Amino acid sequence: AGDTQSMLTALASSCSIAPTPPRTLPPITGNACALGYDFGTSGVRCAIVDASGEIVANPPGYSWGVAGERAQEASDWEEALFSQLAALPADARARVSRIAVSGTSGSMLIVDGDGAPAASRGSPRMYDFSVSKQAVGDSGEAALALLRRCTPEGHPVRSATSALAKLLAYHFESPLAGSERLAHQADYVASRLTGGAIASDWHNALKLGFDVRALRYPEWLTGGEIGEIARGRLPRVVRPGEPIGPVSDKLVAKYGLASGCLVVGGTTDSIAAFLAAGADSVGDAVTSLGSTVAIKLLSDVPADDASTGVYSHRLGDRWLVGGASNAGCAVLREQGFSGDELARLSEEIDPLAQPPCTDYYPLSSLVVGERFPRPDENAVGVLEPVPESRAAFLHCILHGIAKVETEGYEALAALGASELRRVLTSGGGSQNAQWTGMRQALL
């Protein structure tokens, strides 16, 4: 077993990086527009942009609600998809010639041969679903044992929250039927637009095992023990922005979309946030301060280590190195902080002063386990002791989230990623000046 593992790791590390294939679709021009959907941890947003990148339409978002952030059905995704589409102005919809979807990384479900959710498989398994804690019986442990035997050491699929771990756990729970296939959240939503077969993209398929260096599924995934289970159940993978298929004629007519409107490969929610923030140079990073915290750093070289929750997405010929924590701003809602209270109490905080408590770990009470930067399947939130002052309590929580961010960037540096030069911020927390000062001081 040791020799096999050494061989797998050596093969993975020595794999040459395939040239980035050329684009087949030219940029949109003239009056044409693109529609982007972002299926995130707290809800769904969409926007139409024109050929110059200017926003043409951006309706109010669709919220999952606190309870719905980690317990969703495929029908919820469809409701959000079409309610947002209907909310767009008709004249803007008529200009849409391309549509892309981003989804939460690792969120997936099992579909039947016709692309519908497999009725016997239950609800989708979301981004933070841990097979070691939440899968039925010993199916999760069986899946992780198989991954340890058959995958390169340090590979992202070894995480208990990876899409491949979830697929294998489904199989060990009850053998996959001949027609059953895996679909990531973004894949499934895109298929509701095309009415065609499930297809994925480089970014969503990373935690399924797609080799973003060689741009193909690796042999350990298509052959051997894992291949016996996964073969024929994996989606076709396209470059982000490249065609998946046309929107169905029925939906083009119903919503008044441009004739020949295409669905193209999408991405993950954190990469969508990175691109939207305007980061474009090596050393640029983006921290997403949403219900959970995710960081991405644009690097000349990839860096991957499942033991610390670090993985690299391919962005052209460069790499987005990062990780996603289960900790984040969800705890602020759980602790009853309203938007007005957050703004008012933040004014009382000195960002350069130490909070009363510096050991907070801001995991939601709904979560057991952490992904990054301290992977621990048994981790629980630490929000004690609670100071008497609400402002001091807020200070402790914000400091705790900032520490998660700092430890995350330290983990990237330790693995040899390009030097951090600039940090941009997306999400609601980007508007808090005191918190920005606190984060800057820690970094």
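Our subject in this report is the structure included herewith.

1. Points about the overall build of the chain
No. 1: Along the backbone of the chain there are 15 helices and 17 strands.
No. 2: A globule of 443 residues ought to have a C-alpha radius of gyration of about 22 Å, and the chain, at 21 Å, matches this closely.
No. 3: Along the longest, intermediate and shortest principal axes, the C-alpha atoms of the chain span 60 × 60 × 40 Å.
No. 4: The long-range fraction of contacts in the chain, counting pairs at least 24 apart against all pairs at least 6 apart in sequence, stands at 70%.
No. 5: Roughly 18,100 Å² of accessible area belongs to the chain as shown, and the carbon and sulfur atoms make up 52% of that amount.

2. Some thoughts on helix H2 (residues 74–87)
Each turn of an α-helix holds 3.6 residues, which means side chains three or four residues apart point in the same direction.
No. 1: Over its 14 residues, H2 runs 20 Å from end to end, which matches the ideal 20 Å to within 8%, given 1.5 Å per residue.
No. 2: Where H2 is concerned, the buried positions are Ala74, Trp77, Ala80, Leu81, Phe82, Gln84 and Leu85.

3. Some remarks on the nonpolar core
No. 1: Counting residues in each nonpolar core, the largest one holds 72 residues, and the members touching the most others are Leu164, Leu167, Ile226 and Ile397.
No. 2: The dominant element in this core, judged by the number of residues it contributes, is helix H14 (residues 390–414), at eleven residues.
No. 3: Setting aside its immediate chain neighbours within four residues, isoleucine 397 contacts Val331, Leu332, Gln335, Phe337, Tyr360 and Leu383.
No. 4: Within the second largest apolar cluster, 42 residues are counted, among which are Ala57, Tyr62, Ala92 and Val247.

4. A few points about the state of the cysteines
Disulfide: a covalent bond formed between the sulfur atoms of two cysteine residues.
No. 1: The tally for this structure, following the rule as stated, stands at zero disulfides.
No. 2: Unpaired in terms of disulfides, cysteine 329 finds its nearest cysteine sulfur in cysteine 396, a separation of 16 Å.

5. Overview of the environment of isoleucine 198
No. 1: In this structure, isoleucine 198 sits in the loop between helix H7 (185–194) and strand E8 (199–201).
No. 2: By relative accessible area, which is 15% here, isoleucine 198 ends up buried.
No. 3: Residues isoleucine 198 and aspartate 305, 107 residues apart in the sequence, show an inter-C-alpha distance of 29 Å.

6. Comments concerning the side chain of histidine 184
No. 1: If you trace the backbone, histidine 184 turns up in strand E7 (residues 181–184).
No. 2: Overall, the relative accessible area of 0% leaves histidine 184 in the buried class.
No. 3: Beyond its immediate stretch of four places on either side in the chain, histidine 184 contacts Ser107, Met108, Ala163, Ser200, Asn204, Ala205 and Leu208.

7. A look at the packing of H14 against helix H15 (residues 433–442)
What describes two packed helices is the angle between their axes and the distance between those same axes.
No. 1: Viewed as axis vectors pointing N to C, H14 and H15 meet at an angle of 40 degrees, and their least axial separation amounts to 9 Å. By the angle class used here, H14 and H15 are oblique. Classified by chirality, the crossing of H15 by H14 is right-handed. Along its contact with H14, which presents His395, Leu398, His399, Ile401, Ala402, Lys403, Glu405 and Thr406, the element H15 presents Trp435, Met438, Arg439 and Leu442.
No. 2: Its residues assigned to classes, the contact of H14 with H15 shows six nonpolar, three polar and three charged.

8. Description of the sheet that holds strand E16 (residues 318–324)
No. 1: Taken in spatial order, the five strands of this open sheet run E15-E16-E14-E13-E17, and their pairing is mixed. Of all the strands in the sheet, just strand E15 (311–315) and strand E17 (422–426) have a single pairing partner and so form its edges. With strand direction ignored, the average angle separating the axes of adjacent strands in the sheet is 25 degrees.
No. 2: Summarising the sheet, strand E13 (residues 284–289) and E17 pair through five bridges and their orientation is parallel. Within E17, the position partnered with valine 286 by the bridge is leucine 424.
No. 3: Along the sheet, H14 makes contact with E13, strand E14 (293–299), E16 and E17, crossing E14 at roughly 30 degrees.

Analysis parameters
- Every chain's residues receive numbers from 1 upward, in the order its sequence appears when written.
- Given that this is a predicted model, residues contribute local features only at a pLDDT of at least 70 and side-chain atom pairs are listed and counted only at 80 or more, while totals for whole chains, interfaces and linings are drawn from all residues.
- Side-chain metrics rest on all non-hydrogen atoms present in the structure, leaving aside hydrogens and water.
- Strands are runs of DSSP state E lasting at least 2 residues, helices are runs of H or I lasting at least 4, and numbering of each runs from the N terminus.
- Radius of gyration means the value over C-alpha atoms here, while the globule rule gives 2.2 Å times the residue count to the 0.38 power.
- Residue contacts are defined here by distance: any two heavy atoms, one from each residue, within 4.5 Å place the two residues in contact.
- All accessibility values rest on the Shrake-Rupley procedure with a 1.4 Å probe; residue burial counts only the protein chains present in the view.
- A helix's residues, less one, multiplied by 1.5 Å, set its expected span.
- Only protein chains enter the accessibility calculation, which uses a 1.4 Å probe. A residue is then buried if its area is under 20% of the maximum for its type, exposed if over 50%, and partly exposed in between.
- To define a nonpolar core, start from buried Ala, Val, Leu, Ile, Met, Phe, Trp, Tyr and Cys residues and group those joined through side-chain atoms within 4.5 Å.
- By convention in this document, the label disulfide applies to cysteine sulfur atom pairs within 2.5 Å.
- For helices, the fitted line uses only the C-alpha atoms of the stretch in contact; every axis is such a line through C-alpha atoms, and the angle between N-to-C directions lies from 0 to 180 degrees.
- Each angle is binned into one of four classes, with values under 35 degrees roughly parallel, values over 145 roughly antiparallel, values of 65 to 115 roughly perpendicular, and all other values oblique.
- It is the rotation of the near helix from the far one that decides the hand of a crossing: anticlockwise by less than a right angle makes it left-handed, clockwise makes it right-handed.
- Put simply, Ala, Val, Leu, Ile, Met, Phe, Trp, Tyr, Cys and Pro go in the nonpolar bin, Asp, Glu, Lys and Arg in the charged bin, and everything else, Gly too, in the polar bin.
- Pairing between strands is defined by DSSP: at least two bridges between the two strands are required.

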